Amino acid sequence: MADDDVNYNYEEESVVDGDTLMERYRRRMRRWVPMLILGSIGPAVFANIIVFVGSILVTLSKVYPDEYVCSAQPLDQFLEGAIAISLIFLLCFMWIFIGLPVSINIKGRKWTVLRPFTNIIFLGAAFLLIWVFSLAWWLYGSYMVGAGAWSCSNNTPALYSFSLFVVVFYWVGLGLGLVHLVVNIFSKQIGEGLKVGKRLVNPALADDDFLLAKFAEYDEGGTEQVARQHLGPLCKDCGRPLSTDELQEARELLDPDQTGFIGADAFLSWFRTGRVEEGEEKDDSEEEEEEDDGGRRKKR
């Protein structure tokens, strides 16, 4: 990767949603550079195998056509195309590390033919273009390998076996790459989903900050209380939807005196353990209440 990409100068003073543009750029680099560069090492090894072994088999097919050319399906042509695509990918992969501009002079004027990658977007676009061509070619190759499974495997076992290897490993690698891409793009959403799943399995795994934040969304007026009719939606937002019977039982447990409100401490205790600890229920004989302008009751 060229130095221009790493040292790209965003203005530190530019702030968007609390983050400087430089901070956003660094996060994007940390997120995509390992996947595009380190993640390309595996495909690069696979491409080298295709080029090395495939070139030998293609050469043998020219010299000994009876032994290395399948009459049913042109597998040698598929390998030639796979070799060409692999060479293009390897050139693109090596260009990440070489990073030297190539220019030619035409009538005294200098023309730049190749430039180093100066932006992670350009690198991703180059890999995407190669992937589109490879996808179309491997679909064609998969059809040929499947159609020549019987005749080619008997007549030209070496050519067929390597073609089958190339096809199978391509699709396996593509599947793993897509999974990694989805996880990388939707890592935040997946993490939140896993947290919700954990809370569904075991409510005790829910952290207090999360529960209090959801509780505050239904706390009208900041009294650390929510109306009992909001208990159902609140539990659903916290990842623990309740049935009608469960909701009625929870309301009776959290608001035994029928005040119409549920306290934050009682809710946290109940959500984690299914019960309200002693001392967290409101004792009307020891506490005085008054109504505010909105008709809500609060402690004083």
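Since the structure is predicted, the reported quantities are computational estimates derived from the model, not experimental observations. (Residues numbered from 1 in each chain as written. Predicted model: local features only at pLDDT ≥ 70, side-chain atom pairs only at ≥ 80, totals over all residues. Heavy atoms only, no water.)

### Quick notes on the pattern of salt bridges
Applying the stated criterion across every chain yields a total of 3 salt bridges. Residues Lys62 and Glu80 are paired through a salt bridge, measuring 3.2 Å at the closest nitrogen-oxygen approach. Of this pair, Lys62 sits in helix H3 (residues 41–63) while Glu80 is found in helix H5 (residues 75–98), placing the two residues 18 residues apart along the sequence. By relative accessible area, which is 56% here, Lys62 ends up exposed. (Salt bridge = Lys/Arg side-chain N within 4 Å of Asp/Glu carboxyl O. Helix = DSSP H or I, 4+ residues; strand = E, 2+ residues; numbered from the N terminus. Buried < 20%, exposed > 50% of the residue type's maximum accessible area, 1.4 Å probe, protein only.)

### A closer look at the packing of aromatic side chains
Under the defined criterion, the tally for this structure stands at 14 aromatic pairs. Taking the centre distance of 5.8 Å and the plane angle of 80 degrees together, the rings of Phe78 and Trp138 count as edge-to-face. With Phe78 in helix H5 and Trp138 in helix H6 (residues 120–147), the pair connects residues that are 60 residues apart, well separated along the chain. On the basis of relative accessibility, which here comes to 0%, the residue Phe78 falls in the buried class. (Phe/Tyr/Trp six-rings, centres within 6.5 Å; stacked < 30°, edge-to-face > 60°.)

### Considering the packing of helix H12 (residues 244–254) against helix H13 (residues 264–273)
Interhelical geometry of H12 versus H13 gives an angle of 135 degrees and a closest axis separation of 11 Å. One way to sum up the angle between H12 and H13 is to call them oblique. Classified by chirality, the crossing of H13 by H12 is right-handed. Across the interface between the two elements, Ala250, Leu253 and Leu254 of H12 pack against Ala266, Phe267 and Trp270 of H13. Broken down by class, the residue content of the contact of H12 with H13 amounts to 6 nonpolar, no polar and no charged. (Axes fitted to C-alpha atoms, helices over the stretch in contact; angles between N-to-C directions. Parallel < 35°, antiparallel > 145°, perpendicular 65-115°, else oblique. Left-handed = near helix turned anticlockwise from the far one by under 90°. Contact = heavy atoms within 4.5 Å. Nonpolar A, V, L, I, M, F, W, Y, C, P; charged D, E, K, R; others polar.)

### Digging into the nonpolar core
Counting residues in hydrophobic clusters, the biggest one holds 39 residues, and the most contacted among them are Leu79, Leu123, Trp138 and Val166. Of all the elements in the fold, those that place two or more residues in this core are helix H2 (21–37), H3, H5, H6 and helix H8 (157–185). In terms of residue count, H5 provides more of this core than any other element does, 12 residues in total. Apart from residues lying up to four places away in sequence, Val166 is in contact with Phe46, Ile50, Phe78, Leu79 and Trp138. Counting residues in each nonpolar core, the second largest holds 19 residues, with Leu231, Leu247, Leu254 and Leu268 among its members. (Core = buried A, V, L, I, M, F, W, Y, C linked by side-chain atoms within 4.5 Å.)

### Comments concerning the layout of surface pockets
Considering only enclosed or pocket space, the largest pocket measures out at about 1,200 Å³ in volume. The wall of the largest pocket is formed by 35 residues, among which Gly39, Pro43, Trp131, Leu174 and Gly177 lie closest to the centre. Elements supplying a minimum of two residues to the lining of the largest pocket: H2, H3, H5, H6 and H8. Broken down by element, the lining of the largest pocket gets its largest block of residues, 11 residues, from H8. Broken down by class, the residue content of the lining of the largest pocket amounts to 25 nonpolar, 9 polar and 1 charged. (1 Å grid on protein atoms, 1.4 Å probe; cavity = no way out; pocket = protein on both sides within 12 Å on 5 of 7 lines; lining within 4 Å. Points joined across faces, edges and corners; volume = space filled by probe spheres on them.)

### A look at a negative patch on the surface
Taken together, Asp245, Glu246, Glu249 and Glu252 make up a surface patch of like negative charges. Topologically, Asp245 is positioned in helix H12. You can call Asp245 exposed: its relative accessible area is 63%. (Patch = residues over 30% accessible without salt bridge, like charges linked within 9 Å, V, L, I, M, F, W, Y side chains within 5 Å. Areas by Shrake-Rupley, 256 points an atom, 1.4 Å probe, with all protein chains shown as cover. Lys, Arg positive; Asp, Glu negative; His and termini not counted. Charge placed at Lys NZ, Arg CZ, Asp CG, Glu CD.)

### Description of the state of the cysteines
Tallying each qualifying case throughout the model produces 1 disulfide. There is a disulfide in this structure between Cys70 and Cys152, and the S-S distance comes to 1.8 Å. Linking Cys70 and Cys152, the disulfide has an S-S dihedral of approximately -80 degrees and is accordingly described as left-handed. Here Cys70 is found in the loop between helix H4 (65–68) and H5, whereas its partner Cys152 is found in helix H7 (residues 151–155), with 82 residues between them in sequence. Accessibility assignment for this pair places Cys70 and Cys152 in one class, buried. (Disulfide = S-S within 2.5 Å.)

### A closer look at the UniProt feature "transmembrane region" (unreviewed entry) in the protein
According to UniProt, the feature "transmembrane region" (unreviewed entry) maps to residues 32–58, 78–100, 120–140 and 160–186 in the numbering used here. A distance of 31 Å separates the end C-alpha atoms of residues 120–140, which is 100% helix and 0% strand. Taken end to end, residues 160–186 is 96% helix and 0% strand, and its two terminal C-alpha atoms sit 39 Å from one another. (UniProt positions renumbered as here; feature names shortened; annotations may be inferred.)

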